[in-house]
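Below are the chains, spelled out letter by letter.
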Amino acid sequence: MARWVTVGAAQLGPVQRRHSRAEVVERMLVLLRRAAEMGCDLVVFPELALTTFFPRWFMTDQAEIDSFFEPEMPGPATAPLFDEAARLGIGFYLGYAELATDGDRASRYNSSILVERDGSVVGKYRKVHLPGHDEHEPRRRFQHLEKRYFDVGPEGFRAFRAFGGIVGMALCNDRRWPETYRLLGLQGVELVLIGYNTPVHNPPAPEHDLLGNFHNHLVMQAGAYQNGTWVVGVAKAGDEEGVPMIGQSAIVAPSGEIVAQCSTLDDELAVARCDLDRCTSYKTTVFDFGRHRRIEHYGPIATQAAALPPPL
Ligand code: ING
């Protein structure tokens, strides 16, 4: 028996600072309608899909910074996306900058939301692994100030029942950390959705640049196989404000094989029919955690709360 979910990886090309949310949502609606024609149940959009990747700039004016955030989801600019998706009977994952207020206290997260086919909100994720730096580093060709503009997500990694299976979310740098997949894997996850904005050049380690696309797929393929789950990684790609970003959005099977991939740096939809039951042959054999995983024998490091590597 199979549990089919037809998934569309809805890669976006560059979003420039001059592009309005309405223009971006219009581009997303084109991909959503194409996904409907191709029988998709679920469409995955990138991280921070609604605006340009603003952490590339050092800003001090809070009003300017907050212009990149969404105080409500859906809001006026995104309601058309929610409405059309519900009309088409398609669920979606959307990455966006969340401005959350609790009384007079404001928190700012790099977030994603998961919406079911009936338009109901299944869950929200707030990014844990914030890369980059928090102070201006003028020697860099561009900044990466996620640590400055976002708070660390307090809820961690949660899996949700949706689309006939168990679905988890992550964002961009999260995909590089094995803990992301394992914490979802320990919840039985069968489909991990990850939007990303990844510059080709990483200023602290230019020697890695040539391997950017390799590392992108390496981490998602490993995470998929080692936890017996589908993984969908979706880029905002191309040259944004003079900063080239990788594409190669991909749908990865629990075997670790890439079954669909984007091949441009523009708006592009890659589609795959995903049988969630393909997770079973990994979760019940090589990665049967109950039978084979021995955390009680991994030594003291495994049980320490903050297992930090020794300083270099
Ligand atoms: N971006 C990047 C990512 O983890 C990065 C940061 C770039 C890390 C290049 C390593 C190399 O894909 C975000 N937004 O996390």
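Residues numbered from 1 in each chain as written. Predicted model: local features only at pLDDT ≥ 70, side-chain atom pairs only at ≥ 80, totals over all residues. Heavy atoms only, no water.

A separate point is helix α5 (residues 178-185). Among the residues of α5, Thr-180, Tyr-181, Leu-184 and Gly-185 are the ones counted as buried. Mapping the buried residues of α5 onto a view down its axis gives an arc of 125°, with all of them on the same face. Its buried side turned inward, α5 meets β6 (159-162), β7 (165-171), β8 (191-196), α6 (212-227), β9 (230-235) and α8 (289-292). (Buried < 20%, exposed > 50% of the residue type's maximum accessible area, 1.4 Å probe, protein only. Helix = DSSP H or I, 4+ residues; strand = E, 2+ residues; numbered from the N terminus. Arc of directions from axis to C-beta. Contact = heavy atoms within 4.5 Å.)

A few words on the side chain of Thr-180. Mapped onto the elements, Thr-180 comes out in helix α5. At 2.7 Å, the side chain of Thr-180 forms a polar contact with the backbone oxygen of Asp-174. Excluding its chain neighbours within four sequence positions, the residues that come into contact with Thr-180 are His-129, Phe-157, Ala-170 and Asp-174. (Polar contact = N/O pair within 3.5 Å; in protein donor to acceptor, adjacent residues only side chain to side chain.)

Time to look at the packing of helix α1 (residues 21-37) against helix α3 (residues 79-88). Two elements in contact, α1 and α3, have axes separated by 10 Å at closest approach and are oriented at 10°. Classified by the angle between their axes, α1 and α3 sit roughly parallel to one another. Here Val-25, Met-28, Leu-29, Leu-32, Arg-33 and Ala-36 of α1 come into contact with α3, specifically with Pro-80, Leu-81, Glu-84, Ala-85 and Leu-88. Considering only residue class, the contact of α1 with α3 consists of 9 nonpolar, no polar and 2 charged. (Axes fitted to C-alpha atoms, helices over the stretch in contact; angles between N-to-C directions. Parallel < 35°, antiparallel > 145°, perpendicular 65-115°, else oblique. Nonpolar A, V, L, I, M, F, W, Y, C, P; charged D, E, K, R; others polar.)

Take Tyr-282: it is sitting in helix α7 (residues 280-283). Taking the C-alpha atoms as reference points, Tyr-282 and Pro-254, 28 residues apart in sequence, are found 7.3 Å from one another. Not counting the four nearest positions on each side in its chain, Tyr-282 is found in contact with Tyr-225, Gly-228, Pro-254, Ser-255, Phe-287 and Asp-288.

With mixed pairing, the 6 strands of this open sheet are ordered in space as β5-β4-β3-β2-β1-β14. Edge positions in the sheet fall to β5 (121-126) and β14 (268-275), since each has one partner strand and no second. Ignoring which end each strand starts from, the neighbouring axes of this sheet average 35° apart. As paired elements, strand β2 (residues 42-44) and strand β3 (residues 91-102) share 3 bridges and run parallel to each other. Its bridge partner lying in β3, Leu-42 is registered against Gly-91. Along the sheet face, α1 touches β1 (4-11), β2, β3 and β14 and points at about 40° away from the line of β14. The strands touched by α3 are β3 and β4 (105-115); relative to β3, the strand with the most contacts, the crossing angle is about 145°. (Pairing = 2+ DSSP bridges.)

In the vicinity of the ligand, 14 residues are found, and the nearest of them are Glu-146, Cys-172, Asn-173, Arg-176 and Thr-198. At 3.1 Å from an oxygen atom of the ligand is found a side-chain nitrogen or oxygen belonging to Arg-175. About the coverage of the ligand: the protein hides 89% of its 370 Å² of free accessible area. Its residues placed into classes, the shell around the ligand shows 4 nonpolar, 5 polar and 5 charged. (Near = heavy atom within 4 Å. Areas by Shrake-Rupley, 256 points an atom, 1.4 Å probe, with all protein chains shown as cover.)

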